[in-house]
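The primary structure of each chain is shown beneath.
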Amino acid sequence: MAESSVETTTATGKWGEEKAATYLKSLGYKIIARNFKRRGGELDIIALDGEILVIAEVKTLPSGNIETLSHELNLRKQKRIIETSKRFIQMNRQYNDSIIRFDVLVIDMPGFPDVYHIKDAFSELV
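Bear in mind that the values here come from a model prediction, so they are computed numbers and not experimental data. (Residues numbered from 1 in each chain as written. Predicted model: local features only at pLDDT ≥ 70, side-chain atom pairs only at ≥ 80, totals over all residues. Heavy atoms only, no water.)

This brings us to the pattern of salt bridges. Here the structure, examined in full by the defined rule, presents 9 salt bridges. The partner of Lys59 in a salt bridge is Glu72, and the shortest N-O contact between them spans 3.5 Å. Of this pair, Lys59 sits in strand β3 (residues 52–60) while Glu72 sits in helix α2 (residues 66–72); the two residues are 13 residues apart in sequence, bridging distant segments of the chain. Its relative accessible area of 10% is what places Lys59 among the buried residues. One network of salt bridges, with partners in common, ties together Glu57, Lys59, Glu72 and Lys77. (Salt bridge = Lys/Arg side-chain N within 4 Å of Asp/Glu carboxyl O. Helix = DSSP H or I, 4+ residues; strand = E, 2+ residues; numbered from the N terminus. Buried < 20%, exposed > 50% of the residue type's maximum accessible area, 1.4 Å probe, protein only.)

As a further point, take the packing of aromatic side chains. Under the defined criterion, the tally for this structure stands at 4 aromatic pairs. With a centroid separation of 5.1 Å and an interplanar angle of 90°, the aromatic rings of Phe36 and Phe88 are classed as edge-to-face. On the criterion of sequence distance, the pair formed by Phe36 in strand β1 (residues 30–38) and Phe88 in helix α3 (residues 75–91) is long-range, its members being 52 residues apart. The same class applies to Phe36 and to Phe88, which are both buried. Ring centres of Phe112 and Tyr116 lie 4.9 Å apart, and the angle between their planes is 55°; this geometry places the pair in the tilted category. By relative accessible area, which is 28% here, Phe112 ends up partly exposed. For Tyr116, a relative accessible area of 30% corresponds to the partly exposed category. Connected via pairs of aromatic rings, a cluster forms that spans Phe36, Phe88 and Tyr95. (Phe/Tyr/Trp six-rings, centres within 6.5 Å; stacked < 30°, edge-to-face > 60°.)

A word on the sheet that holds strand β2 (residues 41–49). Pairing in this open sheet of 5 strands is mixed, and the strands run β1-β2-β3-β4-β5 from one edge to the other. One side of each edge strand has no neighbouring strand; the edge strands of this open sheet are β1 and β5 (115–122). Taking each pair of neighbouring strands and ignoring which way they run, the sheet shows an average axis angle of 30°. Across 5 bridges, strand β4 (residues 100–107) lies against β5 in antiparallel orientation. Its bridge partner being in β5, Val106 is matched across the sheet by Tyr116. (Pairing = 2+ DSSP bridges. Axes fitted to C-alpha atoms, helices over the stretch in contact; angles between N-to-C directions.)

Okay, here's the thing in structure tokens:
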């Protein structure tokens, strides 16, 4: 029986998140949570880069391009990530005073490095 496109997309996404987490660890980041889900949103990877709390969105785009990335990470999606990160901090008060950075890790997009890391990709002031 062939895999459905949803199963394939889910497997590709999980593989990309694993690759992104390995990459971040290789840079010295400390992964503190993965796949944090709350109503209305999910955070792929939450990590510490020194004292900075990094909320990392992972996009695995083996057949994508810049337009695909822009569509996948539109303002609505950014707002959802920001709101979900606020819920994470409410539940994890030890990060209340942390500087927060929103990064995007693009995995396997043609014409780019295997892991294309965009630091400070967006902020709440968008």
